[in-house]
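Secondary and tertiary structure notes
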Amino acid sequence: PLAGIDDQEMVDTRHLCTVLSDLISLDPATGTRGNPKWGNLPRKFNIAVSGSRDDFAHTHINDIGLEPCAHSDTGEMGFNVVIGGYMSIKRVAHSVEGDMWVPAQVQPVVDVSEAILRIFRDEGARGDRQKARLMWLIEEKGVEAFRDQVAA
């Protein structure tokens, strides 16, 4: 709610959020909402992009969380990618560090999000609704193996 107006903001995330929303929900062939490429995910999927250290977007409880962070070597602004967060009435599981960093630019953010979405769509559990979340797939594969698959 504070993107673009918070004086403590590290990254203005408005454009990235719009692009990610369009990635998932906009059919590139028709320009209408309802992208068939992502219309068959095993279950709901949430992406949160935070622009400040205060993490108003609550990246830690979403399937993909992008947390603003300057690159440790270059100082370039980008995002640490956290994965597998979950929140329901019965359980809250914080996301795990993906040990991935992406620049705060459209294409790298889209690429990492699309890779994670593809893995979840193609390999996520479908039989048990309670196990049909990204966190269970990461737990099954292990964080390192999942990260390697994202990077491939």
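Residues numbered from 1 in each chain as written. Predicted model: local features only at pLDDT ≥ 70, side-chain atom pairs only at ≥ 80, totals over all residues. Heavy atoms only, no water.

A word on the overall build of the chain
A count of helices and strands for the chain gives four helices and six strands. When its helices and strands are written in sequence order, the chain yields α-β-β-β-β-β-β-α-α-α. The C-alpha radius of gyration computed for the chain amounts to 15 Å, which stays within 12% of the reference 15 Å derived for 152 residues, consistent with globular compactness. With the C-alpha coordinates aligned to their principal axes, the bounding extent of the chain is approximately 45 × 35 × 35 Å. A total of 152 residues make up the chain; the buried ones form 41% of that total. Charge centroids of the chain, computed over 16 positive and 23 negative side chains, lie 10 Å from each other. (Helix = DSSP H or I, 4+ residues; strand = E, 2+ residues; numbered from the N terminus. Rg over C-alpha atoms; globule rule 2.2 N^0.38 Å. Buried < 20%, exposed > 50% of the residue type's maximum accessible area, 1.4 Å probe, protein only. Lys, Arg positive; Asp, Glu negative; His and termini not counted. Charge placed at Lys NZ, Arg CZ, Asp CG, Glu CD.)

A word on unusual backbone geometry
Of note, Asp-55 is a non-glycine position whose phi angle comes to about 50°, a positive value. Residue class for Asp-55 comes out buried when judged on its relative accessible area of 15%. With a phi angle near 55°, His-58 is a residue other than glycine that sits in the positive phi range. Structurally, the position occupied by His-58 is in the loop between strand E1 (47-49) and strand E2 (64-70).

Quick notes on the confidence of the model for the chain
In this model, the chain carries an average pLDDT of 90, and 98% of its residues clear a pLDDT of 70 or more. Highest mean pLDDT in the chain belongs to helix H2 (residues 106-123) (97); lowest belongs to strand E5 (residues 92-93) (76). (pLDDT = per-residue confidence, 0-100.)

What about helix H4 (residues 143-151)?
Those residues of H4 lying buried are Phe-146, Arg-147 and Val-150. Projected down its long axis, H4 shows its buried positions confined to an angular sector of 100°, all on one face. In H4, the exposed residues that point more than 90 degrees away from the buried face are Glu-144 and Ala-151. Looking at the buried positions of H4, the neighbouring elements they touch are strand E3 (77-83), strand E6 (96-103), H2 and helix H3 (134-141). (Arc of directions from axis to C-beta. Contact = heavy atoms within 4.5 Å.)

So, the nonpolar core
Among the nonpolar cores identified, the biggest contains 29 residues, and Ile-116 and Phe-146 are the most heavily contacted of them. Within the residue set of this core, elements represented by two or more residues are helix H1 (14-25), E2, E3, E6, H2, H3 and H4. Broken down by element, the residue count for this core peaks at eight residues, all from H2. Aside from chain neighbours lying at most four places away, what touches Ile-116 is Phe-45, Ile-64, Val-81, Ile-83, Leu-134, Phe-146 and Val-150. (Core = buried A, V, L, I, M, F, W, Y, C linked by side-chain atoms within 4.5 Å.)

Quick word on the sheet that holds E6
Strands sit in the order E1-E2-E3-E6 across an open sheet of four strands; the sheet is mixed. What marks the edges here is a single partner per strand, and that holds for E1 and E6. With direction set aside, neighbouring strand axes in the sheet form an average angle of 25°. Looking at chain direction, E3 and E6 are connected through six bridges and run antiparallel. Within the sheet, the bridge partner assigned to Ile-83 lies in E6 and is Val-96. Relative to E6, H2 is tilted by about 145°, and along the sheet it contacts E1, E2, E3 and E6. (Pairing = 2+ DSSP bridges. Axes fitted to C-alpha atoms, helices over the stretch in contact; angles between N-to-C directions.)

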